[in-house]
Amino acid sequence: MTEDIINKKKRIFSGIQPSGNLTIGNYFGALKNFGALQNDYECIYCIVDLHSLTVRQEPKNLRQHSYSVLALYLATGLDPEQNTLFIQSHVSAHAELSWILNCYTYMGELSRMTQFKDKSSKHADNINAGLFDYPVLMAADILLYQADLVPVGQDQKQHLELSRDIADRFNKIYSDTFVIPEPYIPKVGNKIMSLQEPERKMSKSDENENNFVLILDPYDTIIRKFKRAVTDSEKEIRFDPVNKAGISNLMGIYSSATGKSIADIEKEFSGINYGEFKIAVGEAVANELKPIQEKYNSLINEKDYLNEILKDSAQRAEHMARKTLSKVYRKVGLVPRQF
Ligand code: TYM
C-alpha cells in the first residue's frame, strides 16, 4: 500500500435544506459538528435545494435561503478550501443516481418513513411523489460520494438506515459499488425540542415562532423566547424527559452550548428558580451565536465571493460524483456515452 492510501482521510457527507431560516436544532444537531469534524475528515457539505422542493417554496426565498445556508456554513467556521460546500442542483448526478436507486427501493420501505407520515399530515393538500421519494434522493446524495460517515440529528436516522439498505442491496446484486455509510449522531443536542411544545421537535417550518430559536435571531429575541419557554409546575431543575420535557430540553440545549454534562448542570442550578435558569440558557445560546451572526452579516452580501465558492466546490463535487455514477451506469447495463 502506498503512503497515500494509508493516510487517506475518511469521507463525510451531510446536507441541510434551504427551506427556511435555520434553527438552533439544525445548529446543535448538525452544523456545530460539521465544523468540529473538518480537520479529521474529508468533508462534503451540501445545500440540498432539490429536497426543499418537496414542500412548496417561494422561489425568491428558496434562492435567498440557499445563499444563507452557505454563509452559515462559512460563519460557523467551515473552511471553503478544505471542505466542499456546494448546492445539490449544481451537480446533476444527484437527480440521476436518485432515478436509478428508485428502481432498487420498495414502496413498502418508503411508506414506513416517519418523516413522510409527519409531512404528509402537515401538508395534506400537497402529498407529492417527491415527498414520498425524498429518502431515495438522500441516499443518492450520500452514496455518490462514497461517504463513510454522515453527521445528522436523530430525526434522520431512519433515512440513513434506508440508505444503508439500498447500498447493501445494490452491492449484493452487482458486486461492491457503494461504501455503506455510518450515521454520526451527537450524544447531546441530537433532538432539540420545541420551546412551547417540548414533546415536538423544534422545526424551522413551524408556524409559531416562539417554538423555535433561529441561529440569526437577535440577542434580545433569543432571551425573550427562552424566558417564555414552557416548563412544569415543579421547582426542581432535574433531567427527566418524560415528566419534565420542557426543563430537560432546556438542560440539553444548555449542555450543547456550554459542553457541561447534565449531572454538572443539575448541580450548578440546584435550588435556583426556573426563571433564572431560562435566562442562563438564553444567554449561553445568544453568546455562542453572536460571533456567528457577525461573520454571517459580513458575508451574506458578498455574492461574488459566495458564487466563487459555489463554482469551485461544485466542480470538485461533480468530479467525485461522476466517477460513482459512471460505475453505476456501467454495472446496471447502460451503454456508455459516446461524446
Ligand atoms: P434538514 O434541513 O431538515 O435538517 C438539517 C440537519 O439538522 C438536523 N436537525 C435537528 N437536530 C436536532 N434537533 C432538531 N430539532 C433538528 N432539526 C433538524 C437534521 O437531523 C439534519 O441533520 N434530510 C436532511 C437533509 C439531507 C441530508 C442528505 C442529510 C438531504 N440529503 C444527505 C445528510 C445526508 C434534513 O433533514 O435536513
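What you see as residue numbers is a count from 1 along each chain, following the sequence as written. Owing to the predicted nature of the model, reporting of local features is limited to residues with pLDDT of at least 70; listing and counting of side-chain atom pairs is limited to 80 or more, with chain, interface and lining totals taken over all residues. Hydrogens are left out, water is left out, and the side-chain values use all remaining heavy atoms of the structure.

Chemist: Please set out the nonpolar core residue by residue, giving values where relevant.
Modeler: Residues belong to one nonpolar core when they are buried, are Ala, Val, Leu, Ile, Met, Phe, Trp, Tyr or Cys, and are joined through side-chain atoms within 4.5 Å. Three exposure classes are used, based on accessible area relative to the maximum for each residue type with a 1.4 Å probe and protein chains only: buried under 20%, partly exposed in between, and exposed over 50%. Within the largest apolar cluster, 59 residues are counted, with the highest numbers of intra-cluster contacts made by Tyr 73, Phe 226 and Val 285. The leading source of residues in this core is helix α13 (residues 274-299), at 11 residues. Excluding its chain neighbours within four sequence positions, the residues that come into contact with Val 285 are Ile 24, Phe 28, Ile 222, Phe 226, Ile 253 and Ala 257. Listed in part, the 40 residues of the second largest apolar core include Ala 93, Ile 100, Leu 131 and Ala 139. Under the DSSP-based scheme used, a helix requires at least four consecutive residues in state H or I and a strand at least two consecutive residues in state E, with every element numbered from the N terminus. In this description, contact between two residues means that some pair of their heavy atoms is separated by no more than 4.5 Å.

Chemist: I'd love a proper account of the side chain of Ser 194, names of residues and values included.
Modeler: Tracing the sequence through the fold places Ser 194 in the loop between β5 (182-184) and α10 (219-227). The term polar contact refers here to a pair of N or O atoms within 3.5 Å; inside protein, the definition further demands a hydrogen-donor-capable atom paired with an acceptor-capable atom, and it admits residues adjacent in sequence only when both atoms are side-chain atoms. Side chain to side chain, Ser 194 and Asn 211 meet in a polar contact 3.0 Å long. If sequence neighbours within four positions are ignored, Ser 194 has contacts with Arg 200, Lys 201, Met 202, Asn 211 and Asn 249.

Chemist: Provide a residue-level description of the pairing of strand β3 (residues 84-87), including the pertinent values.
Modeler: Along β3, one buried face is formed by Thr 84 and Phe 86 and the opposite face, lined by Leu 85 and Ile 87, is buried too. Strand pairing follows a simple DSSP-based rule, namely that at least 2 bridges must link the two strands. For strand β2 (residues 42-47) and β3, the ladder comprises 4 bridges, and the chain directions are parallel. Note on β3: the bridge partner recorded for Ile 44 is Thr 84.

Chemist: Could you give an account of the site of the ligand, naming the residues involved and the relevant values?
Modeler: Each residue is tested against the molecule or strand, and it is near if at least one of its non-hydrogen atoms lies within 4 Å. Around the ligand there are 27 residues in total, and Tyr 134, Asp 141, Asp 155, Gln 156 and Lys 204 lie nearest to it. A distance of 2.9 Å separates an oxygen atom of the ligand from a polar backbone atom of Gln 17. In this structure, an oxygen atom belonging to the ligand sits 2.8 Å away from a side-chain N or O atom of Lys 204. Where the shell around the ligand is concerned, the elements lending two or more residues are β1 (11-16), α2 (24-37) and α8 (129-144).

Chemist: Give me the lowdown on the packing of helix α11 (residues 245-258) against α13, citing residues and values where you can.
Modeler: Two measures define how a pair of helices packs: the angle their axes make with one another and the distance between the axes. Axis geometry follows a simple rule: fit a line to the C-alpha atoms, using only the stretch in contact for helices, then measure angles between N-to-C directions, giving values from 0 to 180 degrees. Across the interface, α11 lies against α13 with an axial gap of 9 Å and an inter-helix angle of 35°. For the element pair α11 and α13, the recorded crossing hand is left-handed. Across the interface between the two elements, Ile 247, Leu 250, Met 251, Ile 253, Tyr 254, Ser 256, Ala 257 and Thr 258 from α11 touch Tyr 274, Phe 277, Lys 278, Ala 280, Val 281, Ala 284, Val 285 and Glu 288 from α13. By residue class, the composition of the contact of α11 with α13 is 12 nonpolar, 2 polar and 2 charged. In a left-handed crossing the near helix is turned counterclockwise from the far helix by less than a right angle, and in a right-handed crossing that turn is clockwise. Here the nonpolar group is Ala, Val, Leu, Ile, Met, Phe, Trp, Tyr, Cys and Pro; Asp, Glu, Lys and Arg are the charged ones; every other residue, Gly included, is treated as polar.

Chemist: Talk me through a negative patch on the surface; I want residue IDs and the actual numbers.
Modeler: The patch calculation keeps residues exceeding 30% relative accessible area without a salt bridge and links them within 9 Å when they carry like charges or within 5 Å when they are nonpolar (Val, Leu, Ile, Met, Phe, Trp, Tyr). Areas reported as accessible are Shrake-Rupley estimates using a 1.4 Å probe. Residue values count occlusion only from the protein chains shown. Just to be clear on terms, a salt bridge is a Lys or Arg side-chain nitrogen sitting within 4 Å of an Asp or Glu carboxyl oxygen. When charges are tallied, Lys and Arg are placed among the positive residues and Asp and Glu among the negative ones, while His and the ends of the chain are skipped. Each charge is placed at NZ for Lys, CZ for Arg, CG for Asp and CD for Glu. A contiguous patch of negative charge on the surface is contributed by Glu 81, Glu 302, Asp 304, Glu 308 and Asp 312. Mapped onto the elements, Asp 312 comes out in helix α14 (residues 303-332).

Chemist: Outline the packing of aromatic side chains, listing residues and values.
Modeler: Any pair of Phe, Tyr and Trp rings, taking the six-membered ring for Trp, is counted once the centres come within 6.5 Å. Such a pair is stacked with planes under 30 degrees apart, edge-to-face with planes over 60 apart, and tilted for the rest. Enumeration according to the criterion identifies 14 aromatic pairs in this entry. Ring centres of Phe 170 and Phe 178 lie 5.2 Å apart, and the angle between their planes is 55°; this geometry places the pair in the tilted category. Each member of the pair, Phe 170 as well as Phe 178, carries the same accessibility label: buried. Each member of the aromatic cluster is reached from another via a ring pair, and the members are Tyr 104, Phe 170, Tyr 174 and Phe 178.

Chemist: Kindly report on the environment of Phe 178, identifying the contributing residues and their values.
Modeler: For Phe 178, the location among the structural elements is in the loop between α9 (157-174) and β5. Phe 178 gets classed as buried once you look at its relative accessible area, which sits at 5%. Along the chain, Phe 178 and Asp 168 lie 10 residues apart, while their C-alpha atoms are 7.8 Å from each other. Those residues in contact with Phe 178 that sit more than four places away from it in its chain are Leu 97, Leu 101, Leu 143, Gln 146, Ala 167, Phe 170, Asn 171, Thr 324 and Val 328.

Chemist: Just give me the short version of the environment of Arg 11, but keep the residues and values in it.
Modeler: Structurally, Arg 11 can be placed in strand β1. Once residues within four sequence positions are removed from consideration, Arg 11 is found in contact with Glu 42, Ile 44, Tyr 145, Gln 146, Ala 147, Asp 148, Leu 149 and Met 320. Separated by 3.3 Å, the side chains of Arg 11 and Glu 42 make a polar contact.

Chemist: I'd like a rundown of the pairing of β1, residues and numbers included.
Modeler: Each regular strand displays side chains that alternate between the two surfaces of the sheet. Counting buried residues along β1, 5 of its 6 residues qualify, which places the element largely inside the surrounding structure. The β-α-β motif built from β1, the intervening α2 and the parallel element β2 has right-handed crossover chirality. Note on handedness: a crossover is taken as right-handed if, strands pointing away from the viewer, the path from the first strand over the helix to the second is clockwise.

Chemist: Before we move on, can you summarise α14 with the specific residues and values?
Modeler: Under the convention used throughout, the expected extent of a helix is 1.5 Å for every residue step, that is, one less than its residue count. Taking 1.5 Å as the rise per residue, α14 with 30 residues should run 44 Å; its terminal C-alpha atoms sit 41 Å apart, in good agreement. Buried within α14 we find Leu 306, Ile 309, Leu 310, Ser 313, Ala 314, Ala 317, Met 320, Ala 321, Thr 324, Leu 325 and Val 328. In the segment just after α14, Gly 333 is the residue with positive phi, at about 105°.

Chemist: How would you sum up the pattern of salt bridges? Please name residues and give values.
Modeler: With the rule as written, the count across this model stands at 20 salt bridges. For Lys 201, the salt bridge identified is with Asp 155, shortest N-O distance 2.8 Å. Here the residue Lys 201 occupies a position in the loop between β5 and α10, and Asp 155 occupies one in the loop between β4 (149-151) and α9, the gap between them amounting to 46 residues. The partly exposed category is assigned to Asp 155, whose relative accessible area is 31%. With its nearest N and O atoms 3.5 Å apart, the salt bridge here joins Glu 161 to Lys 157. Taken as a pair, Glu 161 and Lys 157 lie in helix α9 at a separation of 4 residues, close to a single helical turn. Note on Lys 157: relative accessible area 34%, which makes it partly exposed. Each member of the salt-bridge network shares a partner with another, and the members are Asp 232, Glu 234, Glu 236, Arg 238, Asp 240 and Lys 244.

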